[in-house]
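Analysis of the macromolecular model
Each chain is listed here by its residues.
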Amino acid sequence: MQHHRFLDYVDAVARCGSMRGAAEQLQVAASAVNRRVQDLERELGTPIFERLPRGVRLTAAGELFVGYARRRAADLEHVRSEIEALRGLRRGQVSMAGSQALAPVFLPRAVVDFQARFPSVTFDVKVLDRDKAVQSVIDFEVDLALVFNPPAAHGLRVLAQARQRTCAIVAPGHPLARRPSVRLKDCLQYPVALPDGSLSGRSVLDDLLEKSSVRPDAGLVSNSFEMMRGFAREAGGVSFQIEIGADAGMVAVPIEERNLPPARLVLLALRGRVLPVAAAQFAEFIAEQLAGDPKTGRK
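This report concerns the structure included in the present document. Remember, predicted model here, so these are calculated numbers, not experimental data. (Residues numbered from 1 in each chain as written. Predicted model: local features only at pLDDT ≥ 70, side-chain atom pairs only at ≥ 80, totals over all residues. Heavy atoms only, no water.)

This brings us to the sheet that holds strand β7 (residues 166–170). Spatial strand order, β10-β7-β11: 3 strands in an open sheet with antiparallel pairing. Since the sheet does not close on itself, it has two edges, and those belong to β10 (239–242) and β11 (251–254), each with one partner. Neighbour-to-neighbour, the strand axes of the sheet open up by a mean angle of 40°, direction not taken into account. Packed onto the sheet, helix α9 (residues 225–235) meets β7 and β10 and runs at close to 135° relative to β10. (Pairing = 2+ DSSP bridges. Helix = DSSP H or I, 4+ residues; strand = E, 2+ residues; numbered from the N terminus. Axes fitted to C-alpha atoms, helices over the stretch in contact; angles between N-to-C directions. Contact = heavy atoms within 4.5 Å.)

Shown next, in the form of structure tokens:
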């Protein structure tokens, strides 16, 4: 596995943009990282990195080599998981990226429920915005991504998906809390917190507002669902989120509008990549949950 470790050095330098940063991440001496990079450059007969006054950046040849290194790392992880499966073991690690809206309830619950079946499986979960989550799959940083309304991206495959309604998120004592559904104009009578452009829910609301005669006077715009929920709770106002992302402390009231399309919650993986056993099992588990009850994520 020594050769694989040297590939890790190159990958770490590419991600950090400097030898020193990679050395700190790998917990080795910067001189050791520099030597391994130079050894590989001599072996390849071309520079992998362009040395800059502050840090380094990949050359065209380096881009090709890092792609190879990341594919090798993914292949090795798959082989390890297959060896464990042959031994009848159920341990492993699932690396995934998930939308922020899933972090309070859905993903923690899914992890706990899955570990009830497979106690030795661990998780490395990154909470990222939609575009970064998709890119992390493409860059081999994670095995899976669970996001809302993902952009069309070449090289990705959809493993599971479920439709999700957009909801008004209010405190339990709010006047709208007991309504079976609301219109957007009902929500705008109260202080409103809107997601910023980095969150997929903003585009859904913008499309609806363009077709509406009402315009929000947002008291808060944020990239944090937690911040928006807190504002709605403290101000007696309204924030917006898909129903599966609502936490127990707030009430999710579906927004009923003819021009409001449902969001899609989509589980993605890299096309052509064979997932490690634990990741493949978790993907099947998520698909079962979404097929059973897309609203709560439970069968």
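There's more to say after this.
Take the environment of valine 79 next. Tracing the sequence through the fold places valine 79 in helix α4 (residues 60–86). A sequence separation of 76 residues divides valine 79 from glycine 155, and the C-alpha atoms of the two residues are 22 Å apart.

Considering all chains together, one arrives at 7 aromatic pairs under this definition. Both rings, one in phenylalanine 114 and one in phenylalanine 118, keep their centres 4.9 Å apart while their planes meet at 50°; by these two values the pair is tilted. When its relative accessible area of 0% is taken as the criterion, phenylalanine 114 is described as buried. Ring geometry for phenylalanine 114 and phenylalanine 285: centres 5.5 Å apart, planes at 65°, overall edge-to-face. You can see phenylalanine 114 sitting in helix α5 (residues 106–117) and its partner phenylalanine 285 sitting in helix α10 (residues 277–292), a full 171 residues away along the chain. Exposure remark for phenylalanine 285: the relative accessible area of 4% places this residue in the buried category. Ring pairing ties together the aromatic residues Phe114, Phe118, Phe123, Phe282 and Phe285, which thus form one cluster. (Phe/Tyr/Trp six-rings, centres within 6.5 Å; stacked < 30°, edge-to-face > 60°. Buried < 20%, exposed > 50% of the residue type's maximum accessible area, 1.4 Å probe, protein only.)

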